Amino acid sequence: MVSSLIVRALSLAALAFPFSVAATNICLAVALAAGLLSGSWWHGVQYLWREQRWLFLALGLYLLWAPLGLLWSADVRHGLEVLGHYWFWLLLPVVVVALSRERDRNMVLGCLSVGLTLNLLYCVLQAMGYVDVATDGSGVRDATGHIGHIGFGFVYALWAAWLLYLGLRWHGWRRWGCWALVLWACIMVFMAQGRAGYVLMILLLMSVVVKWAWLHYRRVHAFSLLGGMALLLVLVMMLGPGKERIAGTWLAWHGEVHQSSSWDEKMAMLSTHQRLSMWQTAWNVWQKHPFVGVGTGGFLQAAKPVFEQRVHRKMTLSHPHNQYLLVLARWGITGLVCLLLLLVIWVRNGWHRDWNSSEVVPLMFLAGFALTIDGMFSITLEQHFSAILAILLLGASLAARAVHDESRADARPAANG
């Protein structure tokens, strides 16, 4: 009964995921509490320690920096707020155990796909002016629903990459249905998102094509398929709705200003200048505290005077929109090494697993790769949408591996007998 409660809570959280942060958090909190009280959380920890020890150690070592960094933080109060952003990661052992059955995995992932599909429809209505959303970075010009422009590209690039893989595995109407959703997600990301969303969508889709072609075709065919897809994506970027944002980024990078630039180009130039200034600020903050950083929560207080001295205006962003630079400034070079170690182990393990063994096995690589790439443009490991989605997908992938391991273990005594 407790297991059923956890699965239903995760399913409701997945369904509400694109629409309500509060409802999602409540459902996830119920799942976590049920897992702790029933012992499922501890069983998940035991499995992770036994079968994914290096990943489990790397994740634990990285998460340890959040409470440890409070000891030398200049702003402990803000540090406690940052610490609260990491509670989602406690869900991973619960998800691994709760989704060990294929039926339960399909229910949770199905609810997630239904919710994301409905949200695409909601975003279309928003772009047409039929609904109004109060979320920052979400409007008629950049219709991203209640997710907002920061997490929209991450969520839909990751989902589209998995659907592309499912379409390659399946046949008939299911294949074309998956690919239609992939195309719809790509269009919405390129219409509403910034450069990070474009980069993430392209790299995730291409990684799926590379892996599939490498497993099922000759190398010549694999490279031909990859080249064709790259050409198609370049055409979408050059001729699609995102070309003005790309042009604005290029102009800002080279310090050029055109009076005839469109609104999208000007906004892209402005945001690019802000990001570059914040990246330089984070780098300067780290140079002053190279070994242990400014502590958890100390970045904002340390960065304000540096930023205002450099650009001669007040800092409006609370973080540098870069996970690597934030960790470097917050916890020093040691913290950055722990982050890189976690991502390398995660991505490497996911890439080398047998993608043909289960439909959810590729989710481990896709989630880790998405966090790695998007970390250059945002603080994905501690943001609501990116962190929760990565945890659900990683847990589902590891749960499928757990069933595979148990079936092999059960087969050994029978073979010996």
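Residues numbered from 1 in each chain as written. Predicted model: local features only at pLDDT ≥ 70, side-chain atom pairs only at ≥ 80, totals over all residues. Heavy atoms only, no water.

### A closer look at the overall build of the protein
A tally of regular secondary structure across the protein gives 17 helices and zero strands. Of all 417 residues assigned to the protein, the portion counted as buried reaches 52%. Of all intrachain contacts in the protein linking residues separated by at least 6 positions in sequence, the fraction that spans at least 24 positions is 70%. Here the protein has roughly 19600 Å² of accessible surface; of this, 66% comes from carbon and sulfur atoms. (Helix = DSSP H or I, 4+ residues; strand = E, 2+ residues; numbered from the N terminus. Buried < 20%, exposed > 50% of the residue type's maximum accessible area, 1.4 Å probe, protein only. Contact = heavy atoms within 4.5 Å. Areas by Shrake-Rupley, 256 points an atom, 1.4 Å probe, with all protein chains shown as cover.)

### Side note on the confidence of the model for the protein
On average, residues of the protein score 85 in pLDDT, and 81% of them are at 70 or above. Ignoring residues within four places in sequence, the model shows residues 403-417, a span with pLDDT below 50, making four contacts including any to other chains. (pLDDT = per-residue confidence, 0-100.)

### A word on the side chain of Thr24
In this fold, Thr24 is placed in helix H2 (residues 21-38). Only 3.4 Å separates the side chain of Thr24 from the backbone oxygen of Ala16, close enough to count as a polar contact. A polar contact is formed between the side chain of Thr24 and the backbone nitrogen of Phe17, at a distance of 3.5 Å. For Thr24, the contacting residues outside a window of four places in its chain are Ala13, Ala16, Phe17, His384 and Ile388. (Polar contact = N/O pair within 3.5 Å; in protein donor to acceptor, adjacent residues only side chain to side chain.)

### As for the environment of Leu91
Structurally, the position occupied by Leu91 is in the loop between helix H5 (76-84) and helix H6 (92-98). Judged by its relative accessible area of 3%, Leu91 falls in the buried class. Between the alpha carbons of Leu91 and Gly44 there is a distance of 9.6 Å; along the sequence they are 47 residues apart. Every residue in contact with Leu91, bar those within four places of it in the chain, is listed here: Leu28, Leu32 and Ile391.

### A short note on the layout of surface pockets
The volume enclosed by the second largest pocket comes to roughly 630 Å³. Taken together, 27 residues form the lining of the second largest pocket, with Ile150, Ser318, His319, Ile379 and Gln383 sitting closest to its centre. (1 Å grid on protein atoms, 1.4 Å probe; cavity = no way out; pocket = protein on both sides within 12 Å on 5 of 7 lines; lining within 4 Å. Points joined across faces, edges and corners; volume = space filled by probe spheres on them.)

### Focus: a nonpolar patch on the surface
There is a patch of nonpolar side chains on the surface, built from Leu61, Leu64, Leu68, Leu71 and Leu341 and spanning about 460 Å² of accessible area. When residues of the nonpolar patch are assigned to their parent elements, the largest contribution, three residues, is made by helix H4 (residues 53-68). Look at Leu341 and you get partly exposed, because its relative accessible area is 40%. (Patch = residues over 30% accessible without salt bridge, like charges linked within 9 Å, V, L, I, M, F, W, Y side chains within 5 Å. Salt bridge = Lys/Arg side-chain N within 4 Å of Asp/Glu carboxyl O.)

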